[in-house]
Structures are given as structure tokens and as C-alpha cells.
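Coordinates in review
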Amino acid sequence: MVGIILEGVLFVALLATVGALLFFGLVRWTPLGLRLRQDANRRRLEQALELECPIHGPQRAEEMVRLPSGSRICPACFKEALHE
Ligand SMILES: [Zn+2]
């Protein structure tokens, strides 16, 4: 009984390992993987750009101020807008 369970568990582990290796190979050495990495780069740069104020430079995400309209501005710009 224990042998059958152990065999089942090992088989599932083997399948998971083969699947992970296949996925790694696919992502690492094929055009699809290149595309996925380039997409990830685009998202990363877009996020960085969203957090960068044209006047005050890069800001931290949790310091950004969300306006009632839904858009975000940097804290320094928000303070300046309040003091006008
Ligand atoms: Zn600013």
C-alpha cells in the first residue's frame, strides 16, 4: 500500500520536474521566451515611467498621490498645487 502511494507521489514529482524543465527551456532558448522577456521589460519600463515626474524625477510608488480623478502625481507637485 505504501509502495503504491510512494510510486504515485514520485510519478507526480517527475511530471512536475519535466514540466518545469520544458517551461524553462522554452522560456530560455526560444523566440517565445524572448518575446515574453521583452514584454516583461516593456511592463517594467512603463511602470518606471509612470512613477517618474517630468519635473522632480523618479518617485516611490507608495509616495505618489492619487487625485480624485484617478490620475497620479508626484508628492512635490501635489504640494505645489495646494500652495498656489
Ligand atoms: Zn513632480
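Residues numbered from 1 in each chain as written. Predicted model: local features only at pLDDT ≥ 70, side-chain atom pairs only at ≥ 80, totals over all residues. Heavy atoms only, no water.

1. Observations concerning the coordination of the zinc ion
- In the first shell of the zinc ion, the protein supplies Cys53 (SG), His56 (ND1), Cys74 (SG) and Cys77 (SG), at 1.9 to 2.3 Å from the metal.
- Angles of 105 to 116 degrees at the metal separate the four donor atoms of the zinc ion, which places the site in the tetrahedral class. (Donors = N, O, S within 2.8 Å, 3.2 Å for Na, K, Ca; no water. Tetrahedral: all angles 85-135°; square planar, octahedral: opposite > 155°, others 65-115°.)

2. Brief notes about the environment of His56
- Structurally, His56 can be placed in the loop between β1 (52-53) and β2 (57-58).
- The sequence separation of His56 and Pro75 amounts to 19 residues, and the corresponding C-alpha distance is 9.4 Å.
- Once you skip the residues sitting within four places of it in the chain, His56 turns out to touch Cys74, Ala76, Cys77 and Glu80.
- Among the polar contacts made by the side chain of His56, one reaches the side chain of Glu80 at a distance of 3.5 Å. (Helix = DSSP H or I, 4+ residues; strand = E, 2+ residues; numbered from the N terminus. Contact = heavy atoms within 4.5 Å. Polar contact = N/O pair within 3.5 Å; in protein donor to acceptor, adjacent residues only side chain to side chain.)

3. Quick word on a nonpolar patch on the surface
- Together, Phe11, Leu14, Leu15, Val18 and Leu22 line one region of the surface with nonpolar side chains, adding up to about 520 Å² of accessible area.
- Locating Val18 in the fold gives a position in helix α1 (residues 2-29). (Patch = residues over 30% accessible without salt bridge, like charges linked within 9 Å, V, L, I, M, F, W, Y side chains within 5 Å. Areas by Shrake-Rupley, 256 points an atom, 1.4 Å probe, with all protein chains shown as cover. Salt bridge = Lys/Arg side-chain N within 4 Å of Asp/Glu carboxyl O.)

4. Let's talk about the domain arrangement of the protein chain
- When its domains are assigned, the protein chain resolves into domain 1 (1-50) and domain 2 (59-84).
- With centres defined by C-alpha atoms, the gap from domain 1 to domain 2 works out at 39 Å. (Domains from an automatic or database assignment.)

5. Let's talk about the pattern of salt bridges
- Tallied over the full model, the rule gives five salt bridges.
- For Arg42, the salt bridge goes to Asp39, with nearest N and O atoms at 3.6 Å. Taken together, the positions of Arg42 and Asp39, both in helix α2 (residues 31-50) and three residues apart, correspond to about one turn of that helix.
- For Arg42, a relative accessible area of 41% gives the class partly exposed.
- Looking at Asp39, the relative accessible area reads 26%, which means it is partly exposed. (Buried < 20%, exposed > 50% of the residue type's maximum accessible area, 1.4 Å probe, protein only.)

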